Amino acid sequence: MAGPSPPYYTPLSKPPAAAATSYWKNPRLYSLAVVTILCSLSYLFGAWQHGGASTSIVRATIPCFPSTNATTKTHSSPSLSSTSTTTTELDFATHHSADDGAVAAVPEETIKKYPPCDIKYSEYTPCQDTNRSLKFDRDRLIYRERHCPEKDELLKCRVPAPHGYRNPFKWPLSRDLVWYANVPHKELTVEKAVQNWIRYEGDRFRFPGGGTMFPNGAGAYIDDIGKLINLKDGSIRTAIDTGCGVASWGAYLLSRNILAMSFAPRDTHEAQVQFALERGVPTLIGVIASKRLPYPSRSFDMAHCSRCLIPWGQYDGTYLIEVDRVLRPGGYWILSGPPINWKNHWKGWQRTAEDLNAEQMQIENITKSLCWKKLVVKGDIAIWQKPTNHFHYKKFHKTPFCPAQDPDKAWYTDLETCLTPLPEVSNNEEVAGGELEKWPERLNAVPPRITRRTVNGVTPETFQQNSRLWKKRISYYKSVNNQLGQVGRYRNILDMNAFLGGFAGSLIEDPLWVMNIVPVEAKVNTLGVIYERGLIGAYHSWCEAMSTYPRTYDLIHADAVFTLYKNRCEMEDIMLEMDRILRPEGSLIIRDDVDILVKVKRIADGLNWESNIVDHEDGPLEREKLLFSVKLYWTAPASSDQDEHKTS
């Protein structure tokens, strides 16, 4: 063959020779042909003089036959520019040492370059900024909710990692160890010294697994819970930890095949959520205050509060009513710490017996009004269970049902003091919304929301086809980025537009977790389906910053995200946010229309990402392409304080 065929258009036929030669018998056509040839020669000569730069961009950006063995480039190699050849290979491995702070070569001048931000933004969380939060009401912790910057306040720079940043320890070692340079905060080692939370050991922190209510370790505490409810038979798969601290409860549940979504507010200096993320535990910055939690109804098999300091009995029971909304029918609420077992602890808690007894009675009254059953109180642990349906609720209820509304709507949605009704049932034995399979069968079983046709346009056949599609796609991804198949290379993964969770479901055998985001702008709300599969995620709009710290994720996957947000918000702002939440040497897989990906790649070059656009898994004739990128390693320069720390 003389060379590759055109990527999008291949003529299927051409005129017969006899017909072609008859054209030259017409003098006017002959003159026209001569003029056309002369014009073409003039154009080609001009293009040759200017070096053919524009065509080289197209060749580099849209390779017909991309290399798929992307593992040979070294860490010190220069970043790709828009004139890279199609044989350029990406290096998805990590190579830096703690003192490696080199920055890759500057992209060519035609690309907009994004400078590093000041080091003061190293832990910047735009929508939970501590300075901005002071403008808002401190009642009910409203000031710690999401308050995002205005458009003219958005940063147009790259958030730096602290000097000496190193890739986290691999799981499961990361559960217990975090590099000091990555989260240089010692406050918790002093404040929680007697509670066995965290210890500082030279260049790292150690997490023994302790907590305020489990000084003997989270493992032993979970074992105590396991003696009261069944944690082993697969009926409990998803959990939510409210006010999670450093997320040791969620970290130790993972070995029991229970996936916890942990959240806590952004604190001013202790960086608890940041520690949890460095440990490789699913966590978001969040608070239960005046808005619904960003999860659909009936998401979690189990909810947990261990001295989380949430005033459950106040505000007409609003917070427990919200827990009821996100708990599955038959789900459990576990409470340890005040006021449980207050008769033995009230002096140590430095509260009066009358105050603690009143708080206990408030909780008891609210849970009764919700028809929760108090299963057991053992030592410092109390467990309630939500009913499996509301068949008899109308006869005994004290909390009114909410009027007709979408129970899954949970993006800046106000909390209410009414009860979210469960789906209708025909008898008291039926599980409202449908009974779920036990884990791991739950992952691939058709979710009840789909079998009951409550997700618009999604059928059981759609679900099964989507599962097969993502197995094929993951196989292709691993052929391009072979480190995706290497155990431990990636731990924290983000899927920016998860749909049915097929991407996460196809990676379930690997020691990683995926935060499945369903954009609030998506045509169909599928997050409830994702939770019914035994996976986790949240609602989010990518026109705003995510509720997480910088350098949260090892790999980001974006399927048609930029098509979804076209004409909604700026592409560069979304990509700057992706850069903020991605670790140095983290990877990205972006799939979208080729015209959009060409624009994405130019911004990626300006962000100092190495990137290549490769063909769709079904071949070069598909308009959808994939961009594989690696964020280069760079950090802020060393400060005088860090120099002193090294010498001390």
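Residues numbered from 1 in each chain as written. Predicted model: local features only at pLDDT ≥ 70, side-chain atom pairs only at ≥ 80, totals over all residues. Heavy atoms only, no water.

Draft legend 1. A look at the overall build of the protein. Broken down by element type, the protein carries 21 helices and 17 strands. Burial status across the protein gives 55% buried among its 648 residues. In the protein, once contacts between residues fewer than 6 apart in sequence are set aside, the share between residues at least 24 apart is 70%. Of the roughly 29400 Å² of accessible surface on the protein, a fraction of 54% belongs to carbon and sulfur atoms. (Helix = DSSP H or I, 4+ residues; strand = E, 2+ residues; numbered from the N terminus. Buried < 20%, exposed > 50% of the residue type's maximum accessible area, 1.4 Å probe, protein only. Contact = heavy atoms within 4.5 Å. Areas by Shrake-Rupley, 256 points an atom, 1.4 Å probe, with all protein chains shown as cover.)

Draft legend 2. Main features of the sheet that holds strand 1 (residues 177–179). Pairing is antiparallel across the open sheet formed by three strands, whose spatial order is 1-3-2. What marks the edges here is a single partner per strand, and that holds for strand 1 and strand 2 (199–201). The sheet shows a mean angle of 30° between the axes of neighbouring strands, taken without regard to direction. Two elements, strand 1 and strand 3 (residues 204–206), share three bridges in a ladder whose sense is antiparallel. Pairing of Val178 across the sheet is with Phe205, part of strand 3. (Pairing = 2+ DSSP bridges. Axes fitted to C-alpha atoms, helices over the stretch in contact; angles between N-to-C directions.)

Draft legend 3. Quick look at the state of the cysteines. Applying the stated criterion across every chain, the model contains five disulfides. Disulfide pairing places Cys117 opposite Cys157 at an S-S distance of 2.1 Å. Here the disulfide of Cys117 and Cys157 is right-handed, its torsion about the S-S bond being about 100°. With a gap of 40 residues between them, Cys117 in the loop between helix 3 (53–61) and helix 4 (130–133) and Cys157 in the loop between helix 4 and strand 1 connect regions that are remote in the sequence. Note on Cys157: relative accessible area 15%, which makes it buried. (Disulfide = S-S within 2.5 Å.)

Draft legend 4. Looking closely at the pattern of salt bridges. Counted under the stated rule, the structure contains 39 salt bridges. Of the charged contacts, one joins Asp408 and Arg449 as a salt bridge, the two residues approaching to 3.4 Å between their closest N and O atoms. Within this pair, whereas Asp408 is found in the loop between helix 12 (393–396) and helix 13 (441–444), its partner Arg449 is found in helix 14 (residues 448–451), the two being separated by 41 residues in sequence. For the pair shown, Asp408 and Arg449 are each scored as buried. Overlapping salt bridges bring together Arg473, Asp559, Arg591, Glu617 and Glu624 as one network. (Salt bridge = Lys/Arg side-chain N within 4 Å of Asp/Glu carboxyl O.)

Draft legend 5. The side chain of Thr552, seen in detail. Tracing the backbone shows Thr552 in the loop between strand 13 (537–540) and strand 14 (553–559). Using a relative accessible area of 1% as the deciding quantity, one classes Thr552 as buried.

Draft legend 6. Region of the structure containing the confidence of the model for the protein. Looking at the protein, the pLDDT average stands at 86 and 81% of residues meet or exceed 70. For the stretch residues 1–26, pLDDT sits under 50, and the model shows 14 contacts to residues farther than four places along the chain or on other chains. In this model residues 47–87 is a low-confidence stretch, pLDDT under 50, and it forms 81 contacts with partners more than four residues away in sequence or in other chains. (pLDDT = per-residue confidence, 0-100.)

Draft legend 7. Region of interest: the sheet that holds strand 6 (residues 283–285). If you walk across this open sheet you meet the seven strands as 6-5-4-7-8-10-9, and the pairing is mixed. On the outer flanks of this sheet lie strand 6 and strand 9 (373–378), each paired with one strand and no other. Along the sheet, successive strands turn relative to each other by an average axial angle of 20°, direction set aside. Bridge count between strand 9 and strand 10 (residues 381–385): five bridges; the pairing is antiparallel. Its bridge partner lying in strand 10, Val377 is registered against Ala382.

Draft legend 8. How the structure looks around helix 20 (residues 594–606). Its 13 residues give helix 20 an end-to-end C-alpha distance of 19 Å, which sits within 8% of 18 Å, the value for a rise of 1.5 Å per residue. The set of residues buried in helix 20 consists of Val594, Ile596, Leu597, Val600, Lys601, Ile603, Ala604, Asp605 and Gly606. A side-chain oxygen of the first residue of helix 20 lies 3.0 Å from the backbone nitrogen of Asp595; this N-cap is Asp593. (Expected span 1.5 Å × (residues − 1). Polar contact = N/O pair within 3.5 Å; in protein donor to acceptor, adjacent residues only side chain to side chain.)

Draft legend 9. Region of interest: the packing of helix 19 (residues 571–581) against helix 20. Here helix 19 crosses helix 20 at 55°, and the two axes come no closer than 10 Å. Here helix 19 lies oblique to helix 20, going by the angle between them. In the crossing of helix 19 with helix 20, the sense of the turn from one axis to the other is right-handed. In contact with Met571, Glu572 and Met575 of helix 19, helix 20 contributes Ile596, Lys599, Val600, Ile603 and Ala604. For the contact of helix 19 with helix 20, the residue count by class is six nonpolar, no polar and two charged. (Parallel < 35°, antiparallel > 145°, perpendicular 65-115°, else oblique. Left-handed = near helix turned anticlockwise from the far one by under 90°. Nonpolar A, V, L, I, M, F, W, Y, C, P; charged D, E, K, R; others polar.)

Draft legend 10. Just the nonpolar core, in detail. Core analysis: the biggest nonpolar cluster contains 131 residues, and Trp312, Trp333 and Met578 have the highest contact counts within it. Tallying contributions element by element places helix 19 first for this core, with six residues. Setting aside chain neighbours within four positions, we find Met578 in contact with Met496, Ile556, Ala558, Phe562, Leu588, Ile590 and Trp609. Formed by 11 residues, the second largest nonpolar core is a distinct cluster that contains Leu188, Ile198, Phe207 and Val246. (Core = buried A, V, L, I, M, F, W, Y, C linked by side-chain atoms within 4.5 Å.)

Draft legend 11. Summary view of helix 19. With 11 of 11 residues buried, helix 19 is to be regarded as a mostly interior element. When we look at burial in helix 19, the residues that qualify are Met571, Glu572, Asp573, Ile574, Met575, Leu576, Glu577, Met578, Asp579, Arg580 and Ile581.

Draft legend 12. Region of interest: the environment of Cys157. Residues Cys157 and Pro115, 42 residues apart in the sequence, show an inter-C-alpha distance of 5.1 Å. Among all residues touching Cys157, those that are not within four sequence positions of it are Pro115, Pro116, Cys117 and Leu576.

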